[in-house]
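Secondary and tertiary structure notes
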Amino acid sequence: MNQSTTISPNDSKRRWGYARVSVVSLSLIALAVASLALRRVMIAKEWDSNDTWTVATAALAAMACALPGVFLVMRRQSMMGDALAHTTLPGIVVAFLIAHAMQQAGWISSATYDSWRHAAMFFGALVIGVVSAILTEWVQKLGRVEASAALGVVFTTLFAVGLLLIRLKADQVHIDPDCVLYGIIETTVMDTIPNADVPRAAVVNGLVLLANLLLVAIFFKELRISAFDPAISTAMGINAQAMHYALMAVTAATLVSAFESVGSILVIAMLIAPAATAHLLTDRLDHLIAISLTVAALSAFMGHLMAITLPAMVFTPLGYPEVVDTNTAGMMAVAAGGLFVVAALFGPRYGVVSKAIDQARLTQSIIAEDILGLLYRLEEESGTAALAINQLTAMIGGRTWPTYFAVRGLASSGDVATRGNNCELSDSGREKAKRLVRAHRLWESYMAKHFDLPADHLHETAALVEHFLGAELREELAAELEDTAEDPHGRLIPPEQG
Amino acid sequence: MIRSVLTQPSRSKIENEHPASSPLSIHDMTVAYHRKPVIWDIDYTAPQGKLVAIVGPNGAGKSTLISAVLDLVPKASGEVRVFGEEYHKQRNRVGYVPQRESVDWDFPVNALNVVAMGLYRKIGWCLPVMRRHRQTAMEALDRVGMADYAKRQISQLSGGQQQRVFLARALVQDADLYLMDEPFAGVDASTERAIVEILRELRERGKTTLVVHHDLQTVTEYFDHVLLLNMRLVATGPTSEVFTRENLRKTYGGKLALLDQVGHKMTLGESAR
């Protein structure tokens, strides 16, 4: 929270370099997987319009979920999405029961039964979204527990109620709990809308995606402020609590629509994974939304390809040729997880790899500076200094390879001249070394002046700090020390220039 | 429960107690969390065009006072008038700077985005932030010396820089009454100077500013008026008259044991019998 360091423009430029690298590597990996899989698919001629519609339906569902997901993740309420995916179950069952009762009473014909049931489910979800949010708050207040504990109580209870209802009313409610969990996207695409070859699920998910896109576009400003700073949002008249309930309602409605085609496990993955992945790659909310949508669509495509190819690729060599494919929804979740891992490794700011590269660069530049400093000090003592790499390594106390690379770097930038096996300072290297030694001795003098330390305590910290004292800080230190010409050991502090 | 204990004053009395000209007048306000009163029976009328420090120990209810004025927490009893009317009718005229710790600084927005948020009410629901709004935000950033950091993601700013961004957001609100919750907390010396300069500029333009302030050393230097608070209003008035050793001793001499005891009983719901 209380960071006192800020990042200079140079740093952020380099970070955006990483962003490009990470996006490129992400797409390369995606392409490699896709082309491998596609080759197999092409050879076996396994791809037909069903596959296309499966991918389209899954992508639309995933993108529809990713939108409310962005705001859940940004509000640090990812668990709420998980909870809603469960609490909608009793809502779905009740919708089934109502539709069934209406059919029994003769109000609706069996032809329109399905569309009534879907309408009931949709509005039921809007209600249950708000109800779960309010219930969670109650449990939190009454039980005096943290939000996630309250969530745990509410969603498991409501899910259990849903399962109970399914068992009790099995004759009226035809829900297979397995299908609720994993989805059966491969068969849902066979259920097309009348007079067209388009799956009903694709239309439903497409419409939900469109509605969500519109909502985000229209309320972008309000969603942003209520998520970032609820207090000022409410004080300004954009009630953050009301926005929270609205988000819950929209999330629940999106969930039930995506549910049937892709199942609740996948729905949770699609709600959270794309936004979490995007957050590793960008610091802008609009970009974050765009990347989330891309990741969602990409997971759908990669997931289906992997589902129809990967099992055979893995299991045939192992002697199980009968395993040829697997559940698309499950593989989509795997693909989304894979993309997240790639982003976590190569992300510009938080990526493991980019951090490691940063660290390695810093280490290398410190070794190079140490070499310059060492040569300068030797020159100071004896007029000239020329050392071989193994001598340098021994004297700066490092290992051979990093020293070798540091010397090569110094040679190519012209700071060190090599003569035979030995290297010595060039004029430009001597200038750099002078500033480094100046920083070192200024620091020693400063510490000696203000901390009253014995002379043997000064060197080690100064050897660390010297690499981080830029021109500005050196000037500040020099001004602070006024006309001090020598360090506490009686050695001359080199001047900044000349 | 408290509502029934502390009866509402009559209508005519409210009118009398709230001079329409005052930027902020609080009449007999009590605020409770979980039924436990945090601040008791506050009566306060803010002087127009002054810099007011809200001073008191931790847990004295300083932030609660501000939150209650802004309708962010419910009042157990009492009335608040902003320029003679209820707060929700005067939102446009009130600027707010929350505590820096109250938001998630990892949120994907840059400094300019945050400052532009101060204009959201002026822009209106559903309408986008336009170029001229961004320009206004940019000018405010410039006023707090942060123009060079406009495009920087907010987690990459130092504590003092983050506080300046919050201040710039309040400036674009162009309010007449400002409520600031610890703007000086954890900032560097140059930011502190910058904030003081802005506060004085606001005063010169006739704005009224209430600031929750922790550093007793600087109260006399920075502020015209003080409001000494410790669960109840201890004293209020011009700094030179009210900011006395005796009043400070009353404010910081521990909570009133009796108020605390009664509050505890109310939390437990123990009746007297």
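Computed from a predicted structure; not experimentally measured. (Residues numbered from 1 in each chain as written. Chains lettered and ligands numbered in written order. Predicted model: local features only at pLDDT ≥ 70, side-chain atom pairs only at ≥ 80, totals over all residues. Heavy atoms only, no water.)

**A look at the overall build of chain A**
In terms of regular secondary structure, chain A is built from 20 helices and three strands. The globule rule puts the C-alpha radius of gyration for 498 residues at 23 Å, and the 32 Å found for chain A is more than 25% above it. The principal-axis extents of the C-alpha atoms in chain A amount to approximately 105 × 60 × 35 Å. Taking as baseline every contact in chain A between residues at least 6 positions apart, the subset at least 24 positions apart corresponds to 72%. For chain A, the accessible area works out to roughly 24,500 Å², and carbon and sulfur atoms hold 64% of it. Of the side chains in chain A, 34 bear a positive and 45 a negative charge, and the two mean positions are spaced by 3 Å. (Helix = DSSP H or I, 4+ residues; strand = E, 2+ residues; numbered from the N terminus. Rg over C-alpha atoms; globule rule 2.2 N^0.38 Å. Contact = heavy atoms within 4.5 Å. Areas by Shrake-Rupley, 256 points an atom, 1.4 Å probe, with all protein chains shown as cover. Lys, Arg positive; Asp, Glu negative; His and termini not counted. Charge placed at Lys NZ, Arg CZ, Asp CG, Glu CD.)

**Quick word on the packing of aromatic side chains**
Applying the stated criterion across every chain yields a total of twelve aromatic pairs over all chains. Considering the side-chain rings of Phe-315 of chain A and Tyr-320 of chain A, the 6.4 Å spacing of their centres and the 75° angle between planes classify their relative orientation as edge-to-face. The class for Tyr-320 of chain A is partly exposed, based on a relative accessible area of 44%. The ring of Tyr-120 of chain B has Lys-221 of chain A lying over it, and the distance from NZ or CZ to the ring centre is 5.5 Å. Its end group placed over the ring of Phe-166 of chain B, Arg-169 of chain B keeps NZ or CZ at 4.4 Å from the ring centre. (Phe/Tyr/Trp six-rings, centres within 6.5 Å; stacked < 30°, edge-to-face > 60°. Buried < 20%, exposed > 50% of the residue type's maximum accessible area, 1.4 Å probe, protein only. Lys NZ or Arg CZ within 6 Å of the ring centre and 35° of its normal.)

**Concerning the interface of chain B and chain A**
Between chain B and chain A, the residue contacts involve 42 residues of the former and 36 residues of the latter. In total, chain B and chain A occlude about 3,500 Å² of area from one another, counting both sides; carbon and sulfur atoms represent 60% of this. Inspection of the region where chain B meets chain A yields three salt bridges. The partner of Asp-104 of chain B in a salt bridge is Arg-76 of chain A, with the nearest N and O atoms 2.9 Å apart. Joining chain B to chain A, the criterion identifies twelve residue pairs in polar contact (both at pLDDT 80 or more). At five residues, the largest contribution of residues to the side of chain B that touches chain A is made by helix 7 (residues 159–172) of chain B. (Buried area = accessible area lost by both parts, 1.4 Å probe. Salt bridge = Lys/Arg side-chain N within 4 Å of Asp/Glu carboxyl O. Polar contact = N/O pair within 3.5 Å; in protein donor to acceptor, adjacent residues only side chain to side chain.)

**As for the environment of Val-55 of chain B**
All names here are of chain B. Relative to the helices and strands, Val-55 resides in strand 3 (residues 51–55). Note on Val-55: relative accessible area 0%, which makes it buried. Sequence separation between Val-55 and Asn-230 is 175 residues; the distance between their C-alpha atoms is 8.5 Å. With sequence-adjacent residues up to four places away left out, Val-55 is seen in contact with Lys-62, His-213, Leu-216, Val-219, Leu-227, Leu-228, Leu-229, Thr-251 and Tyr-252.

**Points about the nonpolar core**
Of all hydrophobic cores here, the largest spans 139 residues; its most connected members are Phe-228 of chain A together with Leu-24, Ile-26, Leu-141, Leu-179 and Leu-210 of chain B. In terms of residues, this core owes the most to one element, helix 2 (residues 49–74) of chain A, which gives 14 residues. When residues no more than four places from it in sequence are discounted, the contact partners of Phe-228 of chain A are Val-103, Asp-104, Phe-107, Val-109, Val-114, Met-117, Ile-154, Phe-166 and Arg-169 of chain B. (Core = buried A, V, L, I, M, F, W, Y, C linked by side-chain atoms within 4.5 Å.)

**A look at a nonpolar patch on the surface**
On the surface, a nonpolar cluster with roughly 380 Å² of combined accessible area is contributed by Val-314, Phe-315, Leu-318 and Tyr-320 of chain A. Mapped onto the elements, Tyr-320 of chain A comes out in the loop between helix 13 (285–315) and helix 14 (328–346). (Patch = residues over 30% accessible without salt bridge, like charges linked within 9 Å, V, L, I, M, F, W, Y side chains within 5 Å.)

**A short note on empty space enclosed by the protein**
Residues and elements named next belong to chain B. With the rule as written, the count across this model stands at one cavity of 30 Å³ or more. Empty space within the largest cavity amounts to approximately 30 Å³. Residue lining of the largest cavity: Leu-24, Ile-26, Ile-54, Leu-65, Ile-66, Val-69, Leu-179 and Leu-210, and that is the complete set. For the lining of the largest cavity, the elements supplying multiple residues, two or more each, are strand 1 (24–33) and helix 3 (62–69). (1 Å grid on protein atoms, 1.4 Å probe; cavity = no way out; pocket = protein on both sides within 12 Å on 5 of 7 lines; lining within 4 Å. Points joined across faces, edges and corners; volume = space filled by probe spheres on them.)

**Some thoughts on the domain arrangement of chain A**
Its domain assignment divides chain A into domain 1 (26–350), domain 2 (355–425) and domain 3 (430–481). Here the C-alpha centroids of domain 1 of chain A and domain 2 of chain A sit 57 Å apart. (Domains from an automatic or database assignment.)

**Quick notes on the environment of His-214 of chain B**
All names here are of chain B. Here His-214 is to be found in the loop between strand 7 (208–212) and helix 9 (216–222). Setting aside residues no more than four positions away along its own chain, His-214 makes contact with Gly-56, Asn-58, Lys-62 and Glu-182. Among the polar contacts listed, one links the side chain of His-214 to the side chain of Glu-182, at a separation of 3.3 Å.

**Describing helix 12 (residues 264–281) of chain A**
Taking 1.5 Å per residue as the helical rise, helix 12 of chain A with its 18 residues ought to reach 26 Å, and the 27 Å between its terminal C-alpha atoms agrees with that figure. In terms of burial, helix 12 of chain A is largely enclosed, as 17 of its 18 residues are buried. (Expected span 1.5 Å × (residues − 1).)

**A word on the pairing of strand 3 (residues 422–425) of chain A**
Residues and elements named next belong to chain A. Pairing of strand 1 (residues 387–388) with strand 3, which is carried by two bridges, proceeds in the antiparallel orientation. For Ala-388, the partnering residue across the bridge sits in strand 3 and is Asn-422. If you look at the hairpin formed by strand 2 (residues 416–419) and strand 3, you'll find two residues sitting between the two strands, and Gly-420 has a positive phi there, around 65°. (Pairing = 2+ DSSP bridges.)

**A look at the sheet that holds strand 9 (residues 232–238) of chain B**
Residues and elements named next belong to chain B. As summarised here, the arrangement of the six strands in space is 5-6-7-3-8-9, forming an open sheet in which the pairing is mixed. The open sheet is flanked by strand 5 (94–97) and strand 9, the only strands paired with a single partner. Each strand axis lies, on average, 15° off the axis of its neighbour in the sheet, ignoring direction. Taken strand by strand, helix 7 contacts strand 5 and strand 6 (177–181), and its axis lies near 170° from that of strand 5. (Axes fitted to C-alpha atoms, helices over the stretch in contact; angles between N-to-C directions.)

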